[in-house]
Amino acid sequence: MASTSEESAATPLLSAGKGNLDENKSPLKKHAFIAFVIALPSIAPGMCLGFSAETLPQLDLGVSDAAWFASVIALMIPIGYLLSKPVMERFGRRVALHTVSVVGLLGWLMLSFRPTDPTTVKLYLGRMLTGVSVGLAMLPAATYANESLKDAVEQTSIVTWSTVALCFGILVTYICGAMIPYYQVAGVAAIISVFSLLAVAIFVPESPAWLQTKGRQGDAEWVQKQLGASQAGSSTDPEQSSPSAPPAPAEPQPTSLKEIMKEIEKPEVHKPLLIMSAFFFFQQFSGVFVFIAYMVDIVRSAGVIALNPYFVTVLSGVIIFGASIVASFVYPKTGVRALATLSGAGMCITMLFIAVYLSLRPYFFTRAEYYYLRWIPLIAILVNITSSTFGFLILPWSMLGEVFPLNVKGTAGAIATTLGYIFCFIAIISFPHLWLSMGSDGVFYFYGFSALLGTLFVYYFLPETHGKTLEEVLDGFSKKKKEQV
């Protein structure tokens, strides 16, 4: 087959992708493989989320230093998130995936050397860089899948694989942390970052949709042939989570602060923004990310003595990873309000159950006939982890692309995400102080009642997006009545 001059020029630029995509494979298999590779850079950032749980018991840090070590990543994640979109737009989706691994690698290298002083700048700078890598990992994989792998996205759940990879990273941290020192865990994360960088460089071509926006039509057509997709994709909003969503209307996007504020005044913008911000608030102050960041200490605080706390942490990681896989298949077929309500109720019940157990423990702890009660906090923690993962942990992020008008989706999503991580920072940094001032049972009462309020909130206010178009969801906020045809 004859090739155009542009296609010929494209070949050396993209030879890494060309040499490793088997043209005999079906498009669906090719897309599934590419989706797997683009999810790999999210594993090391996932390890960052659970790193403090395994590290803090090994470091001789004061309460404030430990709280900052655990929480500083929450301040850095929004920075990475806000940087991700301009990097993708200017340099491409492939470079954005490389950036996740490179920034994360620098941070993990700083954490992989055993420090003589555990409060050194290197230790905290490493946490900050790995936190930025988490934010950088939030958009590129899903954007690439929506643009370039649409055939597979429409038939599978590959668009959620980066989220699954983040959860897998948490599991890897918990497993490694149970066996080796924290600085060796950081070394494992550095190796994974290098492997991810090489895998994307070798197997993943640039998004044809992005190439088209840069006028590189020949490159785009060549990549499209390599991917074997049915038709050329179009560049999507990096925060567009639904590949089957209708094309964006020709509405101008607000650029100035005055225009943004004018858009936020509209009920179809400020109502979902308030709802999603409140959802993030209850997510954080119900202890979802606090559990991940302080898992070993949480297990000990809950009075678990039936099993080793590190083993329980590994079990929790397995549950988080498994629940994220199940959720990726369940979400497209289930109403979000029902899932969120069930998740919040499970968290509330288990938190209060542990709190009551800790309050009554002095009355039965020394009595041999009540030995079986020692299993109660363990079961409650595992049920709590399961409940939080399939609902409050993942749902707020997945809903950001389903409740905002297209012309302000990026801005509104960035505001909600930033607020979410500010709440995360406050929740994580406050945990040690809450524990000291309220006691272990008081902390679980606090998170339990927060989960109760969160459950009531999602039941009465969370919009149902399942089975609805974006227009129908927005009409619910603006109180418009659709005409019956």
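Residues numbered from 1 in each chain as written. Predicted model: local features only at pLDDT ≥ 70, side-chain atom pairs only at ≥ 80, totals over all residues. Heavy atoms only, no water.

J.: Requested: an account of the overall build of the chain, with residues and values cited.
T.: Helix and strand counts for the chain stand at 23 helices and zero strands. When burial is assessed residue by residue, the chain has 56% of its 485 residues classed as buried. (Helix = DSSP H or I, 4+ residues; strand = E, 2+ residues; numbered from the N terminus. Buried < 20%, exposed > 50% of the residue type's maximum accessible area, 1.4 Å probe, protein only.)

J.: Could you give an account of the pattern of salt bridges, naming the residues involved and the relevant values?
T.: This model, assessed by the stated rule, comprises one salt bridge. Measuring nitrogen to oxygen at the nearest pair gives 3.3 Å for the salt bridge that ties Arg93 to Glu89. Note on Arg93: relative accessible area 0%, which makes it buried. By relative accessible area, which is 31% here, Glu89 ends up partly exposed. (Salt bridge = Lys/Arg side-chain N within 4 Å of Asp/Glu carboxyl O.)

J.: Give me the packing of helix α6 (residues 93-111) against helix α8 (residues 140-148): which residues, what numbers.
T.: Contact geometry of α6 with α8 gives a least axis separation of 9 Å together with a crossing angle of 155°. It follows from the interaxial angle that α6 and α8 lie roughly antiparallel. When the axes of α6 and α8 are compared, the crossing they make is left-handed. Listed contacts from α8 to Arg93, Ala96 and Leu97 of α6 are Pro140, Ala141, Thr143, Tyr144 and Glu147. Within the contact of α6 with α8, the residues separate by chemical class into five nonpolar, one polar and two charged. (Axes fitted to C-alpha atoms, helices over the stretch in contact; angles between N-to-C directions. Parallel < 35°, antiparallel > 145°, perpendicular 65-115°, else oblique. Left-handed = near helix turned anticlockwise from the far one by under 90°. Contact = heavy atoms within 4.5 Å. Nonpolar A, V, L, I, M, F, W, Y, C, P; charged D, E, K, R; others polar.)

J.: I'd like a rundown of the packing of aromatic side chains, residues and numbers included.
T.: In the structure shown here, the tally under the stated rule is 20 aromatic pairs. A ring pair is formed by Phe282 and Phe457, whose centres lie 5.5 Å apart and whose planes are at 35°; its orientation type is tilted. Placement of Phe282 in helix α15 (residues 267-285) and of Phe457 in helix α22 (residues 409-461) is noted, with a sequence separation of 175 residues between them. Of the two residues, Phe282 and Phe457, both sit in the buried class. In textbook terms, an aromatic cluster arises when at least three aromatic residues are bridged by ring pairs, as seen for Phe51, Phe69, Trp108, Tyr124, Tyr182 and Tyr183. When the ring centre of Phe69 is taken as reference, the NZ or CZ atom of Arg127 above it lies at 4.9 Å. (Phe/Tyr/Trp six-rings, centres within 6.5 Å; stacked < 30°, edge-to-face > 60°. Lys NZ or Arg CZ within 6 Å of the ring centre and 35° of its normal.)

J.: Which residues make up the environment of Ser316, and what values do they have?
T.: Relative to the elements of secondary structure, Ser316 occurs in helix α18 (residues 309-330). The class of Ser316 is buried, set by a relative accessible area of 0%. A sequence separation of 25 residues divides Ser316 from Phe291, and the C-alpha atoms of the two residues are 9.7 Å apart. Excluding its chain neighbours within four sequence positions, the residues that come into contact with Ser316 are Met295, Ile381, Leu382 and Ile385.

J.: Would you mind going over α22 in detail, with residue names and values included?
T.: An α-helical segment advances 3.6 residues per turn. Residues three or four places apart therefore align on the same side. Along its 53 residues, α22 runs just 20 Å from first to last C-alpha, ending more than 12% under the 78 Å computed at 1.5 Å per residue. Taken as a whole, α22 carries its principal kink of about 115° at Met438. (Expected span 1.5 Å × (residues − 1). Bend = angle between axes of the 7 residues up to and from the residue.)

J.: Could you give an account of the confidence of the model for the chain, with specific residues and numbers?
T.: Scored by pLDDT, the chain has a mean of 81; 81% of the residues are at 70 or more. Confidence over residues 1-19 falls short of pLDDT 50; this stretch has 27 contacts with residues more than four positions distant or in other chains. Across residues 240-250, where pLDDT falls below 50, the model places 16 contacts with residues more than four positions away in sequence or in other chains. (pLDDT = per-residue confidence, 0-100.)

J.: Please provide a residue-by-residue account of helix α7 (residues 121-136), values included.
T.: Over its 16 residues, α7 runs 22 Å from end to end, which matches the ideal 22 Å to within 8%, given 1.5 Å per residue. When α7 is considered as a whole, its buried residues turn out to be Leu123, Tyr124, Gly126, Arg127, Thr130, Gly131, Val132, Ser133, Val134, Gly135 and Leu136. Looking at the packing, one finds that the buried side of α7 touches α4 (43-55), α5 (63-91), α6, α8 and α11 (182-203).

J.: Outline the side chain of Thr417, listing residues and values.
T.: Following the sequence through the fold, Thr417 ends up in helix α22. Taking relative accessible area as the criterion, Thr417 reaches 0% and is therefore assigned buried. The residues contacting Thr417, other than those within four sequence positions of it, are Tyr81, Met138, Phe280, Trp397 and Leu400.

J.: I'd like a description of a nonpolar patch on the surface, backed by residues and values.
T.: On the surface, a nonpolar cluster with roughly 770 Å² of combined accessible area is contributed by Phe449, Leu452, Leu453, Leu456, Tyr459, Tyr460 and Phe461. Along the polypeptide, Tyr459 turns up in helix α22. (Patch = residues over 30% accessible without salt bridge, like charges linked within 9 Å, V, L, I, M, F, W, Y side chains within 5 Å. Areas by Shrake-Rupley, 256 points an atom, 1.4 Å probe, with all protein chains shown as cover.)

J.: Pulling in residues and values, what's your account of the nonpolar core?
T.: Counting 129 residues, the largest nonpolar core has Trp108, Phe279, Tyr294 and Phe444 as the members making the most contacts within it. At 17 residues, α22 tops the list of elements feeding residues into this core. Ignoring sequence-local partners within four residues, the contact set of Tyr294 consists of Ala53, Leu56, Ala66, Ala67, Ala70, Ile428, Phe431 and Pro432. (Core = buried A, V, L, I, M, F, W, Y, C linked by side-chain atoms within 4.5 Å.)

J.: Help me get a handle on the packing of α5 against α22, residues and values and all.
T.: Two numbers describe a pair of packed helices, the interaxial angle and the distance between the axes. Running from amino to carboxyl end, α5 crosses α22 at an angle of 175°, the nearest separation of the two axes being 9 Å. Of the possible angle classes, the one that applies to α5 and α22 is roughly antiparallel. Facing Val63, Ser64, Ala67, Trp68, Ala70, Ser71, Ala74, Leu75, Ile77, Pro78, Tyr81 and Leu82 of α5, the residues of α22 in contact are Gly413, Ala414, Thr417, Thr418, Tyr421, Cys424, Phe425, Ile428, Ile429, Pro432, His433 and Leu436. Split by residue class, the contact of α5 with α22 holds 18 nonpolar, six polar and no charged.

J.: Please provide a residue-by-residue account of the side chain of Ser286, values included.
T.: Its location among the elements puts Ser286 in the loop between α15 and α16 (288-293). Taking relative accessible area as the criterion, Ser286 reaches 1% and is therefore assigned buried.

J.: Give me the lowdown on the environment of Arg93, citing residues and values where you can.
T.: Here Arg93 is to be found in helix α6. In sequence terms Arg93 and Leu139 are 46 residues apart; their C-alpha atoms lie 9.2 Å from each other. A polar side-chain atom of Arg93 sits 3.3 Å from a polar atom in the side chain of Glu89. (Polar contact = N/O pair within 3.5 Å; in protein donor to acceptor, adjacent residues only side chain to side chain.)

J.: An account of the environment of Ile264 is needed here, citing residue identities and associated values.
T.: Here Ile264 lies in helix α14 (residues 257-264). Sequence-wise, Ile264 and Thr411 are 147 residues apart; in three dimensions their C-alpha atoms are separated by 9.8 Å. Look past the residues within four positions of Ile264 in its chain and what remains in contact with it is Val269, His270 and Ile415.

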